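Residues per chain are reported as follows:
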Amino acid sequence: MRPIATSRAATGTETGKLAVWWVLASEVVIFGGLLASYVMFRLGHPEWADAAAVTNTQIGAFNTFVLLTSSLTAVLAHQAAERGDGKRAAMFLYITIGGAATFLGVKTYEWWYEISHGYTITSNGFWAFYYTAAGLHAFHVIAGAVIMAFVARDAAKGLQLHRVELIGIYWHFVDIVWIFLFPLLYIAK
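What this report covers is the structure whose coordinates are included nearby.

### Description of the nonpolar core
- Residues Leu93, Phe126, Val164 and Leu185 are the most contacted members of the largest nonpolar core, which totals 49 residues.
- Breaking this core down by element, the ones donating at least two residues are α2 (15–44), α3 (48–52), α4 (57–82), α5 (86–116), α6 (125–156) and α7 (162–187).
- Take this core: its biggest share by element is 14 residues, from α7.
- Beyond its immediate chain neighbours, meaning those up to four positions away, Val164 contacts Ala77, His78, Ala81, Ala89, Leu93, Val151 and Ala155.

This is the structure in structure tokens:
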């Protein structure tokens, strides 16, 4: 049985789900502003193409595959939770966390390589936007993985299974942000 605060629906939507959507709306404003600023500056600075050419498209594509796959496992976790199978939901959430760890490990290597070759946040405007946008995204990946670990722990015990859907919604947002970052930072050279 869920506490009343999670099942009351004055708006027609569960309060937990409504809260997640409000958080995501604020995140859209943050990432939207950052990406819109990047596009405007990029249009005014064609020389940024040389800096963008340094980014490794294969690494970015691999990380895109990792995040999209982790979205699939988040969906599978939600399906299991809907059936009341908390152990299976937790298993899929842990696999999703593994995807987050893989993404962060690859991003760490990528940044180490770029920084060791002199491409730092202070190199030029492109690198400032690159590290800011990718860093903000990485922070959201970390936050999502940490929250997901708590949700998975409870799900494994058959508790609070509705939270599997909530963390899944957040995780899909993290993936969608990357779908915008990948072409802007890696492909548009």
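Okay, back to it.
### Some points on the layout of surface pockets
- In this model, the largest pocket occupies a volume close to 240 Å³.
- Trp21, Leu24, Val28, Phe31, Gly32, Leu35, Ile169, His172, Phe173, Ile176, Val177 and Phe180 together form the lining of the largest pocket.
- Where the lining of the largest pocket is concerned, the elements lending two or more residues are α2 and α7.
- Residues belonging to the lining of the largest pocket are distributed by class as follows: 10 nonpolar, 2 polar and no charged.
- Every residue lining the second largest pocket is listed: Val20, Val23, Leu24, Ile147, Val151, Arg163, Leu166, Ile167 and Tyr170.
- For the lining of the second largest pocket, the elements supplying multiple residues, two or more each, are α2, α6 and α7.
- The biggest single contributor to the lining of the second largest pocket is α7, with 4 residues.

### With respect to the packing of α6 against α7
- Their axes nearest at 10 Å, the elements α6 and α7 cross at an angle of 160°. Here α7 runs roughly antiparallel to α6, going by the angle between their axes. Here α6 runs over α7; the crossing is left-handed.
- Partitioning the contact of α6 with α7 into residue classes produces 20 nonpolar, 3 polar and 2 charged.

### Quick look at α4
- Over its 26 residues, α4 extends 37 Å from the first C-alpha to the last, a length consistent with the 38 Å expected when each residue adds 1.5 Å.
- At the N-terminal end of α4, a side-chain oxygen is found 3.0 Å from the backbone nitrogen of Gln58, two or three residues along, and the residue is Asn56.
- Backbone geometry just after α4 places Gly84 at a positive phi near 85°.

Conventions adopted
- Residues numbered from 1 in each chain as written.
- Predicted model: local features only at pLDDT ≥ 70, side-chain atom pairs only at ≥ 80, totals over all residues.
- Heavy atoms only, no water.
- Core = buried A, V, L, I, M, F, W, Y, C linked by side-chain atoms within 4.5 Å.
- Buried < 20%, exposed > 50% of the residue type's maximum accessible area, 1.4 Å probe, protein only.
- Helix = DSSP H or I, 4+ residues; strand = E, 2+ residues; numbered from the N terminus.
- Contact = heavy atoms within 4.5 Å.
- 1 Å grid on protein atoms, 1.4 Å probe; cavity = no way out; pocket = protein on both sides within 12 Å on 5 of 7 lines; lining within 4 Å.
- Points joined across faces, edges and corners; volume = space filled by probe spheres on them.
- Nonpolar A, V, L, I, M, F, W, Y, C, P; charged D, E, K, R; others polar.
- Axes fitted to C-alpha atoms, helices over the stretch in contact; angles between N-to-C directions.
- Parallel < 35°, antiparallel > 145°, perpendicular 65-115°, else oblique.
- Left-handed = near helix turned anticlockwise from the far one by under 90°.
- Expected span 1.5 Å × (residues − 1).
- Polar contact = N/O pair within 3.5 Å; in protein donor to acceptor, adjacent residues only side chain to side chain.

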